[in-house]
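Observations on the model geometry
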Amino acid sequence: MDARALNEAIGQGIRKVYYPDRIELYLPFFIGNEKSEEFCLAFDRDGVLSDGGRTLEELKKRVGDLTPYRETIRNILDHFGTVALEGGQKLVVRSFQTCSFGDKEYLDYAGGLSRMIRVIALICAADRIKVDEDGVVSLC
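So, a few notes on the structure that sits alongside this text. (Residues numbered from 1 in each chain as written. Predicted model: local features only at pLDDT ≥ 70, side-chain atom pairs only at ≥ 80, totals over all residues. Heavy atoms only, no water.)

**Re the overall build of the protein chain**
Scanning the protein chain from N- to C-terminus turns up 4 helices and 10 strands. Element order for the protein chain, N to C, with α for helix and β for strand: α-β-β-β-β-α-α-β-β-β-β-α-β-β. Against the globule reference of 14 Å for 140 residues, the protein chain gives a C-alpha radius of gyration of 16 Å, in line with a compact fold. Counting only residues that meet the buried cut, the protein chain has 38% of its 140 residues in that class. (Helix = DSSP H or I, 4+ residues; strand = E, 2+ residues; numbered from the N terminus. Rg over C-alpha atoms; globule rule 2.2 N^0.38 Å. Buried < 20%, exposed > 50% of the residue type's maximum accessible area, 1.4 Å probe, protein only.)

And the structure:
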């Protein structure tokens, strides 16, 4: 598969909205019931990827107090490294791996997006799973 076809396959179902200060990516899945809003991630003008606080907001709606899940959330974030929690609520990716292809270098935004989506999926299930310090996932 060539690079363009692969990129189109990966991006299938992701709706992109462009603004002067950000790009919003609406992912083709919902958290909770189907009446919820589409899940949106945004790249700001500085290239920072964020969930806008939505992941923890949705988990809190379901479980109430997040305190019992803080250790699992911390272990998830520690395991994925570049995904951080800012302000106690918002997941962000500020740095991206630099990749080289021949004499060209580029930032791997797709890799950062992939890590963010994996973190979101694990945190959304924090009431059903346990993640230890080594990143090993087990059912509660």
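**Focus on the packing of helix α2 (residues 54-63) against helix α4 (residues 109-124)**
It is at 9 Å that the axes of α2 and α4 come closest, and there the two elements cross at 10°. The angle between α2 and α4 falls in the class roughly parallel. In terms of crossing hand, the pair formed by α2 and α4 is right-handed. Every residue of α4 that contacts α2 at Thr55, Leu56, Leu59 and Arg62 is listed here: Ile120, Ile123 and Cys124. Across the contact of α2 with α4, the residue classes break down as 5 nonpolar, 1 polar and 1 charged. (Axes fitted to C-alpha atoms, helices over the stretch in contact; angles between N-to-C directions. Parallel < 35°, antiparallel > 145°, perpendicular 65-115°, else oblique. Left-handed = near helix turned anticlockwise from the far one by under 90°. Contact = heavy atoms within 4.5 Å. Nonpolar A, V, L, I, M, F, W, Y, C, P; charged D, E, K, R; others polar.)

**A word on the environment of leucine 107**
Its place among the elements puts leucine 107 in strand β8 (residues 104-107). In this structure, the C-alpha to C-alpha distance between leucine 107 and leucine 66, residues 41 residues apart in sequence, is 34 Å. The residues contacting leucine 107, other than those within four sequence positions of it, are Phe96, Gln97 and Thr98.

**Looking at the pattern of salt bridges**
As enumerated under the stated definition, the model contains 9 salt bridges in all. The residue arginine 15 makes a salt bridge to glutamate 38 at a minimum N-O spacing of 2.6 Å. Pair noted here: arginine 15 is in strand β1 (residues 15-18) and glutamate 38 is in the loop between β2 (22-27) and β3 (39-44), with a separation of 23 residues, a long-range link. We note a salt bridge from arginine 94 to glutamate 86, for which the minimum N-O separation is 2.7 Å. What makes glutamate 86 partly exposed here is its relative accessible area of 26%. Each of Arg54, Glu57, Glu58 and Lys61 takes part in a single network of salt bridges with overlapping partners. (Salt bridge = Lys/Arg side-chain N within 4 Å of Asp/Glu carboxyl O.)

**Description of the packing of aromatic side chains**
Applying the stated rule across the entire model yields 3 aromatic pairs. Both rings, one in phenylalanine 43 and one in phenylalanine 96, keep their centres 6.2 Å apart while their planes meet at 40°; by these two values the pair is tilted. Here the residue phenylalanine 43 occupies a position in strand β3, and phenylalanine 96 occupies one in the loop between β6 (90-93) and β7 (98-101), the gap between them amounting to 53 residues. Judged on exposure class, the residue phenylalanine 43 and its partner phenylalanine 96 are both buried. Centroid distance phenylalanine 43 to tyrosine 109: 5.6 Å. Interplanar angle 85°. Geometry classified as edge-to-face. Of this pair, phenylalanine 43 sits in strand β3 while tyrosine 109 is found in helix α4, placing the two residues 66 residues apart along the sequence. Under the relative-accessibility criterion, phenylalanine 43 is labelled buried at 14%. Through pairs of rings, three or more aromatic residues link up here, namely Phe43, Phe96 and Tyr109. One residue, arginine 22, lies across the ring of tyrosine 19, its end atom 4.0 Å from the ring centre. (Phe/Tyr/Trp six-rings, centres within 6.5 Å; stacked < 30°, edge-to-face > 60°. Lys NZ or Arg CZ within 6 Å of the ring centre and 35° of its normal.)

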